[in-house]
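Spelled out, the chains give:
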Amino acid sequence: MPFLAICQWLEGSPIGLTIRQSALLFSALVAIHTLGIILTAGTIWLVDLRLLGFGLRREPVSGVLQQILPWTWAGFVLMFITGALLFCAEAVMVYGSIAFRIKLALILLAGLNALIFHKTVYSGASTWELSSVTPPRARLAGLLSLTFWIGVVGAGRAIAYEIYR
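Residues numbered from 1 in each chain as written. Predicted model: local features only at pLDDT ≥ 70, side-chain atom pairs only at ≥ 80, totals over all residues. Heavy atoms only, no water.

Things to note about helix α4 (residues 61-95)
- An ideal rise of 1.5 Å per residue puts 51 Å on 35 residues; α4 reaches only 39 Å between its terminal C-alpha atoms.
- A bend of about 80 degrees at Ala 89 is the largest found in α4. (Helix = DSSP H or I, 4+ residues; strand = E, 2+ residues; numbered from the N terminus. Expected span 1.5 Å × (residues − 1). Bend = angle between axes of the 7 residues up to and from the residue.)

Some points on the packing of α4 against helix α5 (residues 98-119)
- α5 packs onto α4 with a crossing angle of 155 degrees between their chain directions and a minimal axis gap of 12 Å. Judged by the inter-axis angle, α4 sits roughly antiparallel to α5. Once α4 is placed against α5, the crossing between them reads as left-handed. Of the residues in α5, those in contact with Leu 65, Leu 69, Phe 76, Phe 87, Val 94 and Tyr 95 of α4 are Phe 100, Arg 101, Ile 107 and His 118. (Axes fitted to C-alpha atoms, helices over the stretch in contact; angles between N-to-C directions. Parallel < 35°, antiparallel > 145°, perpendicular 65-115°, else oblique. Left-handed = near helix turned anticlockwise from the far one by under 90°. Contact = heavy atoms within 4.5 Å.)

Regarding the pattern of salt bridges
- In this structure the tally under the stated criterion is one salt bridge.
- Close ionic contact of Glu 11 with Arg 20 constitutes a salt bridge, the shortest N to O distance being 4.0 Å. (Salt bridge = Lys/Arg side-chain N within 4 Å of Asp/Glu carboxyl O.)

What about the side chain of Arg 50?
- Counting through the fold element by element, Arg 50 comes out in helix α3 (residues 23-52).
- Here Arg 50 falls in the buried class, since its relative accessible area comes to 3%.
- Leaving out residues up to four positions away in the same chain, Arg 50 has contacts with Gly 55, Leu 56, Arg 57, Glu 59, Pro 60, Val 61, Val 64, Glu 129 and Thr 134. (Buried < 20%, exposed > 50% of the residue type's maximum accessible area, 1.4 Å probe, protein only.)

See the structure below:
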């Protein structure tokens, strides 16, 4: 089944129709989606800035991550669920959106960057996390993450301008 056909089916589904036909529900989902991205990106940016040496320098990276990751995951779950519901309501319009495709690609790259960071650089954090200088690979991971999530937010905003013009 081609992806466009899946999008058409989603829009015509009871969930897609209900969301699209209710201004209140659609607006509430957009607001919750926005809160999810703020929580996700905001907490990730705190970690990224720590890795880049711009904040929380006296805090070990493991301590920062331990406190922040539950909030990051909560935001991501909110963002994912509401994003999926919003997609159901406008799947055909979003299907043709280049900004939407860029947003998804950047989320994938951000996730891959985080996975690589946690499996490689962060596994040896006990040897460097209290030092005044973060290793170059950790700084690179922070810089890439910061860049990807800024791109996710920008592409997300661009979706509305692209599909409603």
